[in-house]
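Residues per chain are reported as follows:
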Amino acid sequence: MKQILVTGAVGQIGSELVLALRNRYGASNVIASDIRVPENGELKTSGPFETLDVLDPNSITRIMQLYDIGTVYHLAAVLSAIGESRPSVAWQINMNGLYNFLEAARQYHLALFFPSSIGAFGKSTPQDGTPQDTIQRPDTIYGVTKVAGELLCDYYHKRFKVDTRGVRFPGLISHVAEPGGGTTDYAVSIFYDAIKHKKFTCYLKSDTYLDMMYMPDALRAMIELMEADPAKLIHRNSFNVSAMHFTPEQLSAEIKKHVRGFEIDYDIDPVRQAIADSWPNYMDDSCARKEWGWKPEYDMPRMVKDMMEKLTAKLQ
Ligand code: SER
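No experiment lies behind these values; they were computed from the predicted model shown. Position numbers for residues count from 1 along each chain, tracking the sequence in the order it is written. Owing to the predicted nature of the model, reporting of local features is limited to residues with pLDDT of at least 70; listing and counting of side-chain atom pairs is limited to 80 or more, with chain, interface and lining totals taken over all residues. Values reported for side chains reflect all heavy atoms of the structure, with hydrogen atoms and water molecules removed beforehand.

Q: Explain the packing of helix α7 (residues 186–197) against helix α12 (residues 300–315) to me, please; I cannot follow it from the model alone.
A: How two helices pack is summed up by the angle between their axes together with the distance between the axes. Angular values range over 0 to 180 degrees, each being the angle between N-to-C directions of two axes fitted as lines to C-alpha atoms, with helices fitted over their stretch in contact. Helix and strand definitions here come from DSSP, where helices need a minimum of 4 consecutive H or I residues and strands a minimum of 2 consecutive E residues; each element is numbered from the N-terminal end. Interhelical geometry of α7 versus α12 gives an angle of 55° and a closest axis separation of 10 Å. Relative to α12, α7 is oriented oblique. In this structure, α7 meets α12 at a crossing whose hand is right-handed. Contacts between α7 and α12 pair Phe-191, Tyr-192, Ile-195 and Lys-196 from the former with Met-303, Val-304, Met-307, Met-308, Leu-311, Thr-312, Lys-314 and Leu-315 from the latter. Gly is put with the polar residues, along with every residue not named as nonpolar or charged; the nonpolar set is Ala, Val, Leu, Ile, Met, Phe, Trp, Tyr, Cys and Pro, and the charged set is Asp, Glu, Lys and Arg. Grouping the amino acids of the contact of α7 with α12 by side-chain chemistry returns nine nonpolar, one polar and two charged. These descriptions rest on fixed angle ranges, namely under 35 degrees for roughly parallel, over 145 for roughly antiparallel, 65 to 115 for roughly perpendicular, and the rest for oblique. Note on convention: the crossing is left-handed when the near helix lies turned anticlockwise from the far helix by less than a right angle, right-handed when the turn is clockwise. Throughout, a contact is declared for two residues whenever any of their heavy atoms are within 4.5 Å.

Dropping the structure here:
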């Protein structure tokens with residue numbers, strides 16, 4: 001088989017996706033790459049790892065010459081909150097990195113996965129049951145790069161027949177790698193603080209709804225979409241995918257069932273609160289369900305139970 005390249009492999013999604021892909025397609029067929037060196041030993045020892053700067057077309061060419069790549073999961077990106085503190089870096093990495101890989105996909109006939117996000121929506125978007133095709137006027141540089149990325153991927157598909165595919169992820173929750181610099185990160189940190197201190201201070205208001213997903217579902221979404229029959233895909237970039245939605249108060253109530261005496265209080269960060277307020281409460285993912293059979297397995301209680309078990313074991 002042709003090989004698979006994952007960019008941003010050291011990040012929150014990449015560090016788990018690489019291992020899932022290696023299990024499925026064979027270790028030597030999945031090349032992990034990042035500008036950072038992995039701390040997670042398994043990422044390096046379980047298969048090939050290459051240092052790669054997505055802004056440098058020469059290092060992309062080098063990888064294409066070294067390996068027989070057929071598919072790229074292009075995950076290297078800056079998240080929403082960091083993006084607001086460093087907009088120019090976010091534009092460079094999120095936009096120019098994607099452009100370099102779309103060009104490589106055109107030249108080397110690669111299939112390309114691009115993760116978009118709930119961040120691609122804004123205040124004028126319907127927030128409950130956000131439709132697949134709707135108003136997209138985000139207020140963050142992260143969101144601007146995600147909307148532009150969706151459009152650019154569609155353009156490369158229509159204009160150059162590049163096999164581009166993508167989803168709009170909700171906030172992702174996992175017990176392996178922590179996210180860095182996002183708005184939805186509280187839904188991961190809360191578990192660490194609940195287990196270590198029985199107390200968590202949340203930077204979002206207690207009643208802020210956000211769309212969320214557990215990482216095993218997110219990994220399956222990416223792999224299933226890339227394996228889907230292209231003839232059935234009408235949307236390609238980017239499918240709404242949804243699994244659960246909740247407020248910090250509701251999440252903490254569920255965690256209390258596992259951690260006796262757990263307490264949450266609130267110290268609002270206005271930047272992240274404004275971002276969260278502009279994002280959907282939950283998306284309508286019926287197109288993904290219809291076009292490639294998407295179906296989540298984890299609802300909130302099941303995710304919390306699994307997170308508590310896995311993280312408690314990890315932090316012991
Ligand atoms: N999880 C991301 C963030 O919070 C959104 O896609 O920035």
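Q: How should the sheet that holds strand β2 (residues 30–34) be read in this particular structure?
A: Whenever strands of a sheet pair, they do so through backbone hydrogen bonds, lying parallel or antiparallel. The parallel open sheet is built from seven strands, whose spatial order is β3-β2-β1-β4-β5-β7-β11. A strand with exactly one partner marks an edge of an open sheet, and here the two such strands are β3 (49–51) and β11 (239–240). Relative to strand β1 (residues 3–7), helix α1 (residues 14–25) is tilted by about 170°, and along the sheet it contacts β1, β2 and β4 (69–74). Two strands are counted as paired when DSSP detects at least two bridges linking them.

Q: Can you walk me through the site of the ligand in this structure?
A: Lining the immediate environment of the ligand, one finds Leu-79, Ser-80, Ser-117, Tyr-142, Gly-182, Thr-183, Thr-184 and Trp-279. At a separation of 2.6 Å, an oxygen atom of the ligand approaches a polar side-chain atom of Ser-80. Counting of polar contacts relies on pairs of N or O atoms within 3.5 Å, with two restrictions inside protein: one atom must be capable of donating a hydrogen and the other of accepting it, and residues adjacent in sequence are counted only when both atoms are side-chain atoms. Between the ligand and Thr-184 there is a distance of 2.9 Å, counted from a nitrogen atom to a side-chain nitrogen or oxygen. Here the open area of atoms and residues is found with the Shrake-Rupley method and a 1.4 Å probe, where only the protein chains shown may cover a residue. Here the ligand loses 92% of its free accessible area of 230 Å² to cover by the protein chains. One heavy atom within 4 Å of a molecule or strand is enough for the residue carrying it to be called near that molecule or strand.

Q: Would you mind going over the pairing of strand β9 (residues 199–202) with me for this structure?
A: As a general feature of sheets, a regular strand has side chains that alternate between the two faces. Where burial is concerned, the two faces of β9 differ: the one with Phe-200 and Cys-202 is buried and the one with Lys-199 and Thr-201 is not. Bridging between β9 and strand β13 (residues 263–266) involves four bridges; their strand directions are parallel. Opposite Phe-200, over in β13, you have Ile-264 as the bridge partner. The rule is simple: take the accessible area with a 1.4 Å probe, protein chains only, and divide by the maximum for that residue type; under 20% is buried, over 50% is exposed, in between is partly exposed.

Q: Before we go on, may I ask you to explain the sheet that holds strand β8 (residues 171–173) in this structure?
A: Read across the sheet, three strands follow the order β8-β10-β12 without closing on themselves; strand pairing throughout is mixed. Each of the sheet's edge strands pairs with one partner strand only, and the pair in question is β8 and β12 (244–246). On average, each strand axis in the sheet is tilted by 40° relative to the strand beside it, whichever way the strands run. Bridge count for β8 against strand β10 (residues 210–214) is three bridges, and the pairing is parallel. Bridging across to β10, Leu-172 finds its partner in Met-213. Its contacts with the sheet put helix α8 (residues 215–227) on β8 and β10, and the angle it makes with β10 is roughly 80°.

Q: Looking at this model, I keep getting lost on the pattern of salt bridges. Mind explaining?
A: For side chains bearing opposite charge, pairing can occur when the charged atoms are close. Take a side-chain nitrogen of Lys or Arg and a carboxyl oxygen of Asp or Glu: if they are within 4 Å of each other, that pair is a salt bridge. Taken as a whole and assessed by the stated rule, the structure comprises 18 salt bridges. Where Arg-168 meets Glu-150, a salt bridge forms, and the shortest distance between an N and an O atom there is 2.8 Å. Of the two residues, Arg-168 sits in strand β7 (residues 163–169) while Glu-150 sits in helix α6 (residues 141–160), which places them 18 residues apart along the sequence. Ionic pairing is found between Arg-220 and Asp-217, a salt bridge with its closest N-O pair at 2.9 Å. Taken together, the residues span about one helical turn, with Arg-220 and Asp-217 both in helix α8 at a distance of three residues. Here Asp-217 falls in the buried class, since its relative accessible area comes to 0%.

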